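One letter stands for each residue in the lines below.
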Amino acid sequence: METIFVPVICNSCKRHSVVSFARVELKRLLGGGDSIELRCAYDDHTWAASSRERDRMLKLVRENDAVERIARRRAGIFNQDTVAF
Ligand SMILES: [Zn+2]
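As the structure is a prediction and not an experimental result, all values here were calculated from the model.

(A) Broad picture of the pairing of strand 1 (residues 3–9). The side-chain alternation of strand 1 yields one buried face, formed by I4, V6 and V8, and one unburied face, formed by T3, F5, P7 and I9. Summarising the sheet, strand 1 and strand 2 (residues 16–22) pair through 7 bridges and their orientation is antiparallel. Residue pairing in the sheet places T3 in a bridge with A22 of strand 2.

See below:
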């Protein structure tokens, strides 16, 4: 689960597409409060993620972390990565 796929709706053409982020990078951007650039796959329009979009991304990261923990537990590896933000 190293890549997180964020569903987005383009501000310009209103089409749905997906932006992918490396998980560590997305965590860093969300945690640091940096501006996050989203890009439409259809017309290359870019925009900064709104607070609503950031909330959604945070949720995706948390879900991804939960899935990762379960997968590791099943594999018999205990996760010491308890990064919280
Ligand atoms: Zn677009």
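Once you've had a look at it, read on.
(B) Structural context of the packing of helix 1 (residues 23–32) against helix 2 (residues 51–74). The contact between helix 1 and helix 2 brings their axes to 10 Å, and the two run at 135°. Considered as vectors, helix 1 and helix 2 are oriented oblique to each other. Regarding helix 1 and helix 2, the two cross each other, and that crossing is left-handed. Of helix 2, the residues touching helix 1 (which contributes R23, L26, K27, L29 and L30) are R54, M57, L58, V61, N64, D65 and E68.

(C) Highlighting the coordination of the zinc ion. Looking at the zinc ion, one finds its protein donor set to be C10 (SG), C13 (SG), C40 (SG), D43 (OD) and D43 (OD), positioned 2.3 to 2.5 Å from the metal centre. Counting gaps between the donor residues of the zinc ion yields the pattern C-x2-C-x26-C-x2-D. Highlighted residues: C10 in the loop between strand 1 and strand 2 and C40 in the loop between strand 3 (37–39) and strand 4 (46–48), separated in sequence by 30 residues. A residue is classified by how much of its surface remains accessible, and C10, at 1% relative accessible area, is buried. For C40, a relative accessible area of 0% translates into the label buried.

(D) Main features of the pairing of strand 2. Burial along strand 2 is one-sided: the residues S17, V19 and F21 are buried and none of H16, V18, S20 and A22 is. Hairpin connection between strand 1 and strand 2: a loop of 6 residues separates the two successive antiparallel strands, and K14 in this loop has a positive phi of roughly 65°.

(E) Up close: the environment of E68. Note that E68 resides in helix 2. Under the relative-accessibility criterion, E68 is labelled buried at 12%. Placed 66 residues apart in sequence, E68 and E2 show a C-alpha to C-alpha distance of 9.5 Å.

(F) Geometry of helix 1. All buried positions along helix 1 are accounted for by R23, L26, K27, L29 and L30. Burial along helix 1 is one-sided: seen end-on, the buried residues are contained in an arc of 165°. Exposed side chains of helix 1 directed beyond 90 degrees from the buried face belong to V24 and G32. Of the surrounding secondary structure, the elements contacted by the buried residues of helix 1 are strand 1, strand 2 and helix 2. Among the residues trailing helix 1, G33 stands out with phi positive, at a value near 70°.

Calculation rules
- Residues numbered from 1 in each chain as written.
- Predicted model: local features only at pLDDT ≥ 70, side-chain atom pairs only at ≥ 80, totals over all residues.
- Heavy atoms only, no water.
- Buried < 20%, exposed > 50% of the residue type's maximum accessible area, 1.4 Å probe, protein only.
- Helix = DSSP H or I, 4+ residues; strand = E, 2+ residues; numbered from the N terminus.
- Pairing = 2+ DSSP bridges.
- Axes fitted to C-alpha atoms, helices over the stretch in contact; angles between N-to-C directions.
- Parallel < 35°, antiparallel > 145°, perpendicular 65-115°, else oblique.
- Left-handed = near helix turned anticlockwise from the far one by under 90°.
- Contact = heavy atoms within 4.5 Å.
- Donors = N, O, S within 2.8 Å, 3.2 Å for Na, K, Ca; no water.
- Arc of directions from axis to C-beta.

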